[in-house]
Amino acid sequence: MPELPEVEGVVRQIRPVSIGKRIVSVDVSDTIRKSKQSGKEAILKRIEADDFQERLTGSQILAVERRSKYIYMTMKNEQEFLLVNHLGMSGAWFFVDSLLAIPEDKFRRHVHVVLTLDDGNLLAFSDIRRFGEMRVLETEADFPPLLLMAPEPFADEALEWFLQQSGSPKFRNKPIKEVIMDGTVISGCGNIYATEALFRMKIHPKRAASRISRKRKIELFQAIAAILLESIDAGGSTISDYRNINGESGSMQNRFGMYGKKVCTICGTETKTVKIASRASVYCPSCQK
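Right, let's walk through the structure included here.

The rules behind the values
- Residues numbered from 1 in each chain as written.
- Predicted model: local features only at pLDDT ≥ 70, side-chain atom pairs only at ≥ 80, totals over all residues.
- Heavy atoms only, no water.
- Phe/Tyr/Trp six-rings, centres within 6.5 Å; stacked < 30°, edge-to-face > 60°.
- Lys NZ or Arg CZ within 6 Å of the ring centre and 35° of its normal.
- Helix = DSSP H or I, 4+ residues; strand = E, 2+ residues; numbered from the N terminus.
- Expected span 1.5 Å × (residues − 1).
- Buried < 20%, exposed > 50% of the residue type's maximum accessible area, 1.4 Å probe, protein only.
- Axes fitted to C-alpha atoms, helices over the stretch in contact; angles between N-to-C directions.
- Parallel < 35°, antiparallel > 145°, perpendicular 65-115°, else oblique.
- Left-handed = near helix turned anticlockwise from the far one by under 90°.
- Contact = heavy atoms within 4.5 Å.
- Disulfide = S-S within 2.5 Å.
- Pairing = 2+ DSSP bridges.
- Core = buried A, V, L, I, M, F, W, Y, C linked by side-chain atoms within 4.5 Å.
- Salt bridge = Lys/Arg side-chain N within 4 Å of Asp/Glu carboxyl O.

1. Looking at the packing of aromatic side chains
Applying the stated criterion across every chain, the model contains four aromatic pairs. Sitting above the plane of the F81 ring, R55 keeps its charged end 4.2 Å from the centroid. The aromatic ring of F143 is capped on one face by R135, whose charged end is 3.7 Å from the ring centroid.

This is the structure in structure tokens:
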């Protein structure tokens, strides 16, 4: 699943090619339309396909920002509103002059939303597994979970927020891996970067948050922020389906020390896997205590 660095990469690329442009037409795939007709909420959440088309057509893109793992597009038609997008497991945006220009067939076959811009180019959203989301909101408050997200990990207040949340009754006895993957504790850190940060800090993923000192928590938070920044610089990580808007993969996966490894890259010990918060957590039984 794309995490903060991957979403940041997409936002940085969408921003210069879209801001100030108008959407002259919107297409929604038959797959999504049939899903809506059957009562399912695939991709388009709380809005019908025709209403989605009507709302976006003619609107101007004013801003494109990232908040945690979400893409916020500020739009204006008669009034301003938000198009909030989560990439899900396999969502990807492409900026192309035709759908045939999308580099890989697996993405071309699963294009579900196409925004045609007034310069003739397309912003196409492909989602192979259809776990992505698009919501049309007047404000963030229209989807309350957005208001619960922790501060951005690079914000001045993020460290103190992390210390307070991780020490609260809700989280203090939970495994530290589960704590740092919770978006209300740290924004944007999922399974991949939590695995890497804990490995760098030599902390066992099942260790309770209460059994980690304040000093070590500060160091862990700093390690998470550093890894997220490193991954942004590397264009994110591509495990399977992440691509940027030009169809390119990231390279952070080439720097992983633990995620997806069978053998520890430090001591050579065979790694182990444990399930935490329904996610497979890989760790070194020798290095991580």
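2. Section: helix α1 (residues 4-18)
The end-to-end C-alpha distance of α1 is 21 Å, a good match for the 21 Å that 15 residues give at a rise of 1.5 Å each. Along α1, the residues that are buried comprise L4, P5, E6, V7, E8, V10, V11, I14, V17 and S18. Positive phi appears at G20, one or two residues downstream of α1, with a value of about 90 degrees.

3. What to know about the packing of helix α7 (residues 191-201) against helix α8 (residues 214-233)
Between α7 and α8, whose axes approach to 9 Å, the crossing angle comes to 130 degrees. As far as their axial angle goes, α8 and α7 are oblique. In terms of crossing hand, the pair formed by α7 and α8 is right-handed. Across from Y193, E196, A197, L198, R200 and M201 in α7, the residues of α8 making contact are R216, E219, L220, A223, I224, I227, L228, E230 and S231.

4. Some points on the environment of D127
In this structure, D127 sits in strand β8 (residues 122-127). On the basis of relative accessibility, which here comes to 0%, the residue D127 falls in the buried class. Taking the C-alpha atoms as reference points, D127 and S18, separated by 109 residues in sequence, lie 20 Å from one another. The residues contacting D127, other than those within four sequence positions of it, are I43, L87, S90, G91, H110, H112 and G132.

5. Section: the state of the cysteines
Tallied over the full model, the rule gives zero disulfides. C189 takes part in no disulfide bond, and the closest cysteine sulfur, belonging to C264, lies 19 Å away. Classification of C189 by relative accessible area gives buried; the value is 1%. No disulfide involves C287; its nearest neighbouring cysteine sulfur is the one of C267, lying 3.7 Å away.

6. A few points about the sheet that holds strand β9 (residues 133-137)
Taking strand neighbours across the sheet as the criterion, the five strands line up as β2-β9-β5-β4-β3 in an open arrangement whose pairing is mixed. The open sheet has two edge strands, β2 (43-44) and β3 (60-67), and neither has a second partner. Direction of pairing for β3 relative to strand β4 (residues 70-76): antiparallel, over a ladder of seven bridges. Across the sheet, residue A63 finds its bridge partner in β4, namely T74.

7. With respect to the nonpolar core
Membership of the largest hydrophobic core comes to 34 residues, with the highest contact counts inside it found for L44, F52, I71, W93 and M134. Listed in part, the 31 residues of the second largest apolar core include I176, V179, I212 and I232.

8. Quick word on the pairing of strand β6 (residues 91-96)
Counted residue by residue, β6 has five buried out of six residues, so it is predominantly covered. Two strands pair when backbone bridges link them, and β6 and β8 are joined in this way by six bridges, in the antiparallel orientation. Bridge assignment links F95 to a residue of β8, and that residue is L123.

9. A word on the packing of helix α5 (residues 158-166) against α8
The relative placement of two packed helices comes down to the angle between their axes together with the axis-to-axis distance. Two elements in contact, α5 and α8, have axes separated by 10 Å at closest approach and are oriented at 130 degrees. Here α5 is positioned oblique relative to α8, judged by the angle of their axes. By crossing handedness, the relation of α5 to α8 is classed as right-handed. Together, A158, L159, E160, F162, L163 and S166 of α5 and R214, K217, I218 and F221 of α8 make up the contact between the two elements.

10. Details of the pattern of salt bridges
Should their charged atoms come close, side chains of opposite charge can pair. Under the definition given, this model contains 18 salt bridges. Salt-bridge contacts for E65 lead to R15; the nearest nitrogen and oxygen are separated by 3.4 Å. With E65 in strand β3 and R15 in helix α1, this residue pair connects regions lying 50 residues apart in the sequence. Taking the relative accessible area as the measure of exposure, R15 reaches 26% and is therefore partly exposed. A salt bridge links R55 to E138, with the shortest nitrogen-to-oxygen separation between them at 3.0 Å. Of this pair, R55 sits in helix α3 (residues 49-56) while E138 sits in the loop between β9 and α5, placing them 83 residues apart in sequence. R55 sits in the partly exposed class, given a relative accessible area of 24%. Members of the salt-bridge network, linked through shared partners, are E8, R12, R66, R67 and E152.

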